[in-house]
Amino acid sequence: MSNCFLDASLLDELVAKARSVPRLRSHHNLHLESTEPAHRLLVAIEPDSYVRPHCHLDPNKSETIIPLRGRLGALVFDGEGKVLEARVIAPEAGAFGFHVPAGVFHSIVALESGTVFIEIKAGPYAVPVAAEWGQWAPAEGEPGVAGYLAEMKRAFTAV
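Residues numbered from 1 in each chain as written. Predicted model: local features only at pLDDT ≥ 70, side-chain atom pairs only at ≥ 80, totals over all residues. Heavy atoms only, no water.

Asker: Any chance you could break down the nonpolar core for me, citing the residues and the numbers?
Answerer: Ile45, Ile65, Leu72, Ile89, Phe98, Ile108 and Phe117 are the most contacted members of the largest nonpolar core, which has 15 residues in total. Contributions of two or more residues to this core are made by β2 (38-45), β4 (72-77), β6 (98-100) and β7 (105-110). (Core = buried A, V, L, I, M, F, W, Y, C linked by side-chain atoms within 4.5 Å. Buried < 20%, exposed > 50% of the residue type's maximum accessible area, 1.4 Å probe, protein only. Helix = DSSP H or I, 4+ residues; strand = E, 2+ residues; numbered from the N terminus.)

Asker: An account of the layout of surface pockets is needed here, citing residue identities and associated values.
Answerer: Any empty space left between atoms is shown by rolling a water-sized probe over those atoms. Looking at the largest pocket, its volume works out to about 1100 Å³. Contributing to the lining of the largest pocket are 40 residues, with Arg23, Arg25, Glu119, Lys121 and Tyr125 lying nearest its centre. The set of elements that each furnish at least two residues to the lining of the largest pocket consists of β1 (25-29), β2, β3 (63-69), β7 and β8 (115-122). Along the lines of polarity and charge, the residues of the lining of the largest pocket split into 19 nonpolar, nine polar and twelve charged. (1 Å grid on protein atoms, 1.4 Å probe; cavity = no way out; pocket = protein on both sides within 12 Å on 5 of 7 lines; lining within 4 Å. Points joined across faces, edges and corners; volume = space filled by probe spheres on them. Nonpolar A, V, L, I, M, F, W, Y, C, P; charged D, E, K, R; others polar.)

Asker: I'd love a proper account of unusual backbone geometry, names of residues and values included.
Answerer: Omega for the peptide link from glycine 123 to proline 124 comes to -10 degrees, which places this bond in the cis form. Secondary-structure assignment places proline 124 in the loop between β8 and α2 (145-154). With phi around 60 degrees, leucine 24 is a residue other than glycine that occupies positive phi space. Counting through the fold element by element, leucine 24 comes out in the loop between α1 (8-20) and β1. Residue classification places leucine 24 among the partly exposed residues on the basis of a relative accessible area of 22%.

What follows is the structure, given as structure tokens:
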């Protein structure tokens, strides 16, 4: 049996796993090692999963996100945390992907349960440094995460 095909059963498994773990997201790497020059992964994310606003300072680390199922809210911030742009991205939406150049603060929120996307960025993996995190936003697990996530989601309530 071939492992070459990505199908609905793989996405179903990712969604089930995301729903069962505390972070409410799971991923399936298409690259074999974190040292590879290109990282491609499938990510299932649930609406209460928090992705702290961040940027990638390495000029070679732009990031592309393309939803395969569900709907994502994509946010772009300035360096002080002001939302510059917020758009819904979905397979059937006018915006079907999110390409973030290096150095741009961004985040995503799942707007539907069962959302799955493909993420593509340059490797190798590097642990983010403090300057890559939006200092105005709480870190995962810190007090205030639920409130900040709700604030990010409010950018999409009229959409």
